[in-house]
Structure formats: C-alpha cells, structure tokens
Amino acid sequence: MIFVGNDWAEDHHDVHVMNEAGSKLAARRLPEGVAGVSAFHALLAEHAGDPHEVAVGIETDHGLWVASLVAAGYRVYAVNPKAVARYRDRHHVGGGKSDPGDAKVLADLVRTDAHNHRVVAGDSDQVQAIKILARAQQSMVWLRSRETNRLRNALREFYPAALTAFQDLHDHDALAVLTRAPDPDRAARLTRSQLTAALRAGGRRRNLHTTTERIHAVLHTQQLHAPEATAAAYASVVTAQVGVITAINTQLAQLEAQLEATFEQHPDADILLSLPGLSDVLGARVLGEFGDDPERFTDTKSRRNYAGTSPITIASGKKRAVLARHARNTRLYDALDQWAFCSLKPSPGARAYYDQRRAAGDTHHQALRALANRWVGILHGCLKHRTPYDEHTAWAHRQPVAA
C-alpha cells in the first residue's frame, strides 16, 4: 500500500506520497486539469502496480479532479478540513502551515487513521445529476427568500398596506399588483376592474372576485404617508425587487420541472415517493444528498449520523449531556426537517410520535428532529430491503418516549 496526500488549490495540487512505514517516496506540485491528472497517475504508477493499493486523502468529495481519482480505482478519502487542522496540531504545535506540509499531513492521516474517515461514495451519474439540480433549486429558493426579505423591508418603510394585503410577497398575486402599483398612491387609485385584470395577468383563475374585494379594501384603507421624494425612491426599489423575484420564480419553475423529471427516472424514486411527506422536489433533495451507493451506509446509525439527526453524548466525569449534532450536512438536514413537518398530516404514526415527544417536554424543533431521525431509519430499511413504505410496519414497534 502507498498513501497519498493531495492538498488542492484552484490552479494546482500539492501531492505527497509515502509508504506504510511513513517514509517519503515522492512530493510534487501538479497543475489542475488533464495534464495534472496524467502526471498524478504516472507518479503513482512508479510506486504501485494496482490502483487498489493506493489510498488518497483530500479535503473535498466533489469536482472533476476527485471524480477522475475515483474512476481510476484509487481509495479516495474525503477528509473534513477541520479534522485536518486538528491532525496538523498533533505534529506541529508551532502553528506553521504550507500546502506541501498539508499534503504530508493528509498522507499521514490516511496511513494511520483511514478507518475513521469515509471513502468517497461511488454514486451513479444519475444521482449526481439529481444532486446538482436539487442543490441549485435549494439555493435559488434561499436567494428568493433573501430578495423577498429586501422587498418586505422596503414596503415596511413606506407601504405597510401591501404587507397586510399579501402574506407571501413572492406569490403571483403580490407581484402582479405591486408591478402595477409599487407605491401607496398608485395602489389607492386602482379600480376593482384594474385590480382584477392585474390578478388575472398574474395567473389567478379561482376566487377572483373575492380576492379582488379583499385586496381592494386593504389598499384603500387610510395609512401614514412618507414624503413624496422618499416614496418615489422606495417605489423604484420595489419595482426593481419585484422584477428580480419574478425572474427567479420563472427560472425556479423551469429548474423544478427538470429536477422532477430527472428524479422520477431514478430506480429509488418510487421508494422515496412512497414515504409520507416526500414530494418530487423534497425526495430529490434527500436522494441527492444521501446518494445511491449501496455500500456507503453500513447501518441505520451511520446514515443517521451523516444526516445529523442523531444526537451526540458528551460525558466527562460526573457530567453527561445529550445534545443536537451541529456538524452535519446542512442541506440534507434542512430537507429532513421539512420532510418531518410535512409528514405530520399524511402519517398517523408520525403524528403520534411527534405528539408523544411534545408531551415528554420537547420543543417543536426538538420533536421534529427526533421524528426526522426516525424517518431516516425507516428510509434506510426501505432502501436496504427494496420495499415501499408501509405505515403499519414502520410504526408497529415504536417504543414509548421517556418523560
């Protein structure tokens, strides 16, 4: 066996190669791209005849470089940068740091502690595509939330009636009306027919008359007015923000359609969609973050630990505390939290479990985290046995929650 540390940067890679005794075999700085990968393979070929005899430590689990290493057959370990920093302190307390030095640290790490780190999963190309689309969709939702908050802040300063009229500012009704009336003066001059036309242009087809009457009544109530120049400035801000959010909505709809189509073609899609609370988009996010490598999670515990839903125990002397796990995949945890909440209505077992946790003293978020932890275990069982979800089987052996 030979052990390789790969400290990567944007345009180059520092590589350190050592044998099982820890002796240095080679050290090189390689360029990014095809030339660098070719040189990497040639360097290792001088010291190993079989790719399976090579263990590589690197501080990332994605990218073209990592994909090429996995495809070559090397055992690639994705090591958290925080773990590398702690490992560096075990050998050098002076605080010095360099890229070649970090490459040596990574090589030493996979030589002595590879069993404590995970091998980069051999996920299919299909699930990689789902992951890319799901992360882009989630990022775009977060972007829309930020832009909506900026719009809300502007309206709060000079146009509070709009906040009363519309609960969701990224909704088509709100965007359609604010496009025509970005300030309170123009809103007060809107007739019922103009308001109806705006709502219809925004896509509303049902309850058109009722919605028109409600919004018209709110926009025509008396309210405080900002100075004319201030109101004009804020109206320009509102117009700009409405345009940005409208564009995001359009792109988000197209991205979600592509995500749903890609997800439904995956062999695991039917199993995930059988679970209460999982839609195409949420199911795609869960599948994309977990991956589809059947060897990645050996048991339910490892899947729960990766998800960040399982608690951690801190014990020292007479002190013992059970806390939430904060070192986790935040995108996956966010999807699981939403899944747990969405499952409360369609699943009687989930509802009973949540209520039991609340009765035992858990807060809303603590109960959702516990429920998400339960769902991860159920998902693991469904995927392992290749069976769809069954409500009775999933909750038949549920243990009572201690108060």
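Within every chain, residues take consecutive numbers counted from 1 along the sequence as written. Reporting of local features is limited, given that this is a predicted model, to residues whose pLDDT is at least 70; pairs of side-chain atoms are given and counted only at 80 or more, and all residues count toward the totals for whole chains, interfaces and linings. Excluding hydrogens and water, the side-chain values take into account all heavy atoms of the structure.

Enquirer: Which residues make up the pairing of strand β3 (residues 24–31), and what values go with them?
Expert: Looking along a regular strand, one sees the side chains alternate between the two faces of the sheet. The rule for pairing is simple: two strands pair if DSSP sees at least two bridges between them. Counting from the N terminus, the helices are the DSSP runs of H or I reaching at least four residues and the strands are the DSSP runs of E reaching at least two. With seven bridges connecting them, strand β2 (residues 12–18) and β3 associate as antiparallel partners. Bridging across to β3, His13 finds its partner in Leu30. In this antiparallel pair of consecutive strands, β2 and β3, the connection spans five residues, and Gly22 shows a positive phi of 90°.

Enquirer: I'd like to hear about the sheet that holds strand β4 (residues 54–58), residue by residue, with values.
Expert: Neighbouring strands of a sheet are bound in pairs by backbone hydrogen bonds; such pairs are parallel or else antiparallel. Strand order in the open sheet formed by five strands is β3-β2-β1-β4-β5, and the pairing between neighbours is mixed. Across the chains shown, the open sheet's two edge strands, defined by having one partner strand only, are β3 and β5 (75–78). The average undirected angle you get between the axes of adjacent strands in this sheet is 20°. Lying on the sheet, helix α1 (residues 34–45) is in contact with β1 (2–8), β2, β3 and β4; it crosses β3 at an angle near 170°. Contacts between residues were defined by any pair of non-hydrogen atoms, one from each residue, lying within 4.5 Å. Under this scheme, a helix contributes an axis fitted over its contacting stretch, all axes are lines through C-alpha atoms, and angles between N-to-C directions fall in the 0 to 180 degree range. Its contacts with the sheet put helix α4 (residues 99–113) on β1, β2, β3, β4 and β5, and the angle it makes with β1 is roughly 140°.

Enquirer: Account for the packing of aromatic side chains, naming residues and giving values.
Expert: Aromatic rings from Phe, Tyr and Trp, with only the six-membered ring used for Trp, were paired whenever their centres fell within 6.5 Å, and each pair was classed as stacked if the ring planes differed by under 30 degrees, edge-to-face if by over 60, and tilted otherwise. Applying the stated criterion to the full structure yields eleven aromatic pairs. Between Phe158 and Tyr159, the ring centres sit 5.7 Å apart and the planes meet at 65°, which makes this aromatic pair edge-to-face. Grouping residues by exposure puts Phe158 and Tyr159 together as buried. Plain terms: the ring middles of Trp339 and Trp375 are 5.4 Å apart, the flat faces sit at 25° to each other, and that makes the pair stacked. Here the term buried applies to any residue with accessible area under 20% of the maximum for its type, exposed to any over 50%, and partly exposed to those in between, with areas from a 1.4 Å probe on protein chains only.

Enquirer: I'd like to hear about the layout of surface pockets, residue by residue, with values.
Expert: The volume enclosed by the largest pocket comes to roughly 1800 Å³. Lining the largest pocket are 49 residues, and of these Asp61, Ala78, Arg118, Arg296 and Tyr306 sit closest to its centre. Only α2 (64–72), β5, α3 (81–91), α5 (125–158) and α14 (300–307) provide two or more residues apiece to the lining of the largest pocket. Counting residues per element, the lining of the largest pocket draws most heavily on α5, at five residues. Only protein atoms enter the 1 Å grid used here. Points where a 1.4 Å probe fits but cannot escape make up a cavity, open sets with protein on both sides within 12 Å along at least five of seven lines make up a pocket, and a residue lines them when an atom lies within 4 Å of a point. Grid points are joined across faces, edges and corners, and a volume is the space filled by probe spheres set on the points.

Enquirer: Give me the nonpolar core: which residues, what numbers.
Expert: Definition of nonpolar core: a set of buried residues of the types Ala, Val, Leu, Ile, Met, Phe, Trp, Tyr and Cys, connected through side-chain atoms within 4.5 Å. Counting 44 residues, the largest nonpolar core has Phe290, Leu336, Leu371, Trp375 and Trp395 as its most contacted members. At eleven residues, the largest contribution of residues to this core is made by helix α17 (residues 364–385). Those residues in contact with Trp395 that lie beyond four places of it in its chain are Ser347, Gly349, Ala350, Tyr353, Leu371, Arg374, Trp375, Ile378 and Tyr389.

Enquirer: Describe the pattern of salt bridges, listing the residues and the values that go with them.
Expert: Throughout this description, the term salt bridge denotes a Lys or Arg side-chain nitrogen within 4 Å of a carboxyl oxygen of Asp or Glu. All told, the structure shown has 15 salt bridges when counted by the stated rule. Arg29 serves as the salt-bridge partner of Asp99, at 3.9 Å between the closest nitrogen and oxygen. Linking Asp99 in helix α4 with Arg29 in strand β3, this pair joins segments that are 70 residues apart in sequence. Measuring nitrogen to oxygen at the nearest pair gives 2.8 Å for the salt bridge that ties Glu147 to Arg150. Here Arg150 and Glu147 lie together in helix α5, a separation of three residues that amounts to about one turn. With relative accessibility at 46%, the residue Arg150 sits in the partly exposed group. Salt bridges sharing common partners tie together Asp14, Arg29 and Asp99.

Enquirer: Describe the environment of Gly361, listing the residues and the values that go with them.
Expert: You can see Gly361 is positioned in the loop between α16 (348–359) and α17. Separated by 14 residues in sequence, Gly361 and Trp375 place their C-alpha atoms 20 Å apart.

Enquirer: Now, about the pairing of β4: what can you tell me, with residues and values included?
Expert: Most of β4 is tucked away, with five of its five residues classed as buried. Burial of β4 is two-sided: the residues Val54, Val56 and Ile58 facing one way and the residues Ala55 and Gly57 facing the other way are all buried. Here β1 runs beside β4; their pairing, made up of five bridges, is parallel. If you follow Gly5 over to β4, its bridge partner there is Gly57. In the sheet, β4 pairs with β5 via four bridges, with the strands oriented parallel. Bridge pairing in β5 places Gly57 opposite Tyr77.

By themselves these figures say nothing about function.
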